[in-house]
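# Remarks on the overall topology
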Amino acid sequence: MIQRPFPCSRTGAAITTMFALCASAQAAVVDVTVMVQNLAPASSISFAPLHVGFNNGSFDAFNLGGVATAPIVSVAEGGAGGAWQAAFATADPTATRGTIGGLLQPGGASSLTFRVDTALNPFFTFGAMVVPSNDFFIGNDSPTEYRLFDAAGNLNVATIGIKARDIWDAGSEVFDPAAAAFVGNNGLRSDQNSVVAFNFAEFAGFNGLATGAGYTFNSALTADSDVYRISFGVSAVPEPGSYALMAAGLMAVGFMARRRRVGTQPTDTTAR
Ligand SMILES: [Ca+2]
Ligand SMILES: [Ca+2]
């Protein structure tokens, strides 16, 4: 699925003007394929779908040492991220947002392509729940930490690597295997009334439990363990010259079709 921030058009009227507008508007627009990989050891942590946004650097969902906001709790306590996506859209209406993949088990990968205006949305922000857990997630604290594109539209960041030490505890739900997503009843929860902090040691508390994916969990994580990688690949969209050629071609075809209809008008009633 390619998400297009600009509805560059398909309608017939004023097609030449439309192509010209699209050509100038898309000077800084590229297609960005985002690949996500779960690098954790076999039988260790899995990840909920990754919520992402190419943006202007204004949306900040959480702070280290701060009370978790409803948007980041919606990512950390179940993974659906509805409040995170809504708050993102309100803070930065022209951001290009989306969600990549499904449950990502150890060794798994998934990818999705977005059409991005690199001048309008040079920054990249992400968030995903880590399971099994009550309220663990990955994400960038600073909204300007990852500036993917420079002023000329060049890709500055090829990959974002995440280690076990980079995993966050939202501090919003008490550790409890019976109420943890992926190993317990995710509908249950108890308020933790704490703050956002780094935490991966708690995963060992789930060792030996059966996961929703069928494997028996074994954390096997150390602070240095690589657990997740986000990779970016950029490809160009058709250049202005291509649009001009397409417009000229369409006009020629339309003109010929019209002449043909005019020429056969006396006997061809279906063309009217
Ligand atoms: Ca922050
Ligand atoms: Ca917690």
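An unreviewed UniProt entry annotates the chain as Ice-binding protein C-terminal domain-containing protein originating from Pseudaquabacterium pictum.

### Describing the overall build of the chain
Counting its regular elements, the chain contains 4 helices and 12 strands. The 272 residues of the chain split such that 33% are buried. Sequence separation of at least 24 residues holds for 75% of the intrachain contacts in the chain that already meet a minimum separation of 6.

### What to know about unusual backbone geometry
Here the amide bond leading from Val131 into Pro132 is cis, since omega sits at 0°, within 30 degrees of zero. Assignment of secondary structure puts Pro132 in the loop between strand 7 (123–131) and strand 8 (136–139). If you check the backbone angles, Phe182 has positive phi at about 90° while not being a glycine. The residue Phe182 is located in the loop between strand 10 (168–169) and strand 11 (197–198) in this model. Classification of Phe182 as buried rests on a count of 22 C-beta atoms within 10 Å. The phi angle at Ala220 is positive, at roughly 55°, despite the residue not being glycine. Turning to its location among the elements, Ala220 is positioned in the loop between strand 11 and strand 12 (226–236). Residue Ala220 is classed as partly exposed on the basis of its C-beta count, with 17 C-beta atoms lying within 10 Å.

### Some points on the pairing of strand 2 (residues 29–38)
Pairing of strand 2 with strand 6 (residues 109–117), which is carried by 9 bridges, proceeds in the antiparallel orientation. Opposite Val32, over in strand 6, you have Phe114 as the bridge partner.

### So, the environment of Ser74
When you line up the elements, Ser74 lands in helix 2 (residues 70–76). We classify Ser74 as buried; it has 23 C-beta atoms within 10 Å. Sequence separation between Ser74 and Met129 is 55 residues, and the spatial gap between their C-alpha atoms is 9.0 Å. If sequence neighbours within four positions are ignored, Ser74 has contacts with Ala80, Gly81, Gly82, Ala83 and Trp84.

### What about the nonpolar core?
Counting 56 residues, the largest nonpolar core has Ile72, Ala76, Ala128, Met129, Val130 and Phe137 as its most contacted members. Among the elements that line this core, the one with the most residues is strand 7, at 7 residues.

### Looking at the pairing of strand 8
Of the two faces of strand 8, the one lined by Phe136 and Ile138 and the one lined by Phe137 and Gly139 are each fully buried. Two elements, strand 7 and strand 8, share 3 bridges in a ladder whose sense is antiparallel. Residue pairing in the sheet places Gly127 in a bridge with Gly139 of strand 8. What sits between the antiparallel neighbours strand 7 and strand 8 is a turn of 4 residues. Both strand 8 and strand 10 contribute to a ladder of 2 bridges, which runs antiparallel. Its bridge partner being in strand 10, Phe137 is matched across the sheet by Trp168.

Cut-off values and rules
- Residues numbered from 1 in each chain as written.
- Chains lettered and ligands numbered in written order.
- Predicted model: local features only at pLDDT ≥ 70, side-chain atom pairs only at ≥ 80, totals over all residues.
- Helix = DSSP H or I, 4+ residues; strand = E, 2+ residues; numbered from the N terminus.
- Buried ≥ 20, exposed ≤ 12 C-beta atoms within 10 Å, placed from the backbone.
- Contact = placed C-beta atoms within 7 Å.
- Pairing = 2+ DSSP bridges.
- Core = buried A, V, L, I, M, F, W, Y, C linked by C-beta atoms within 7 Å.

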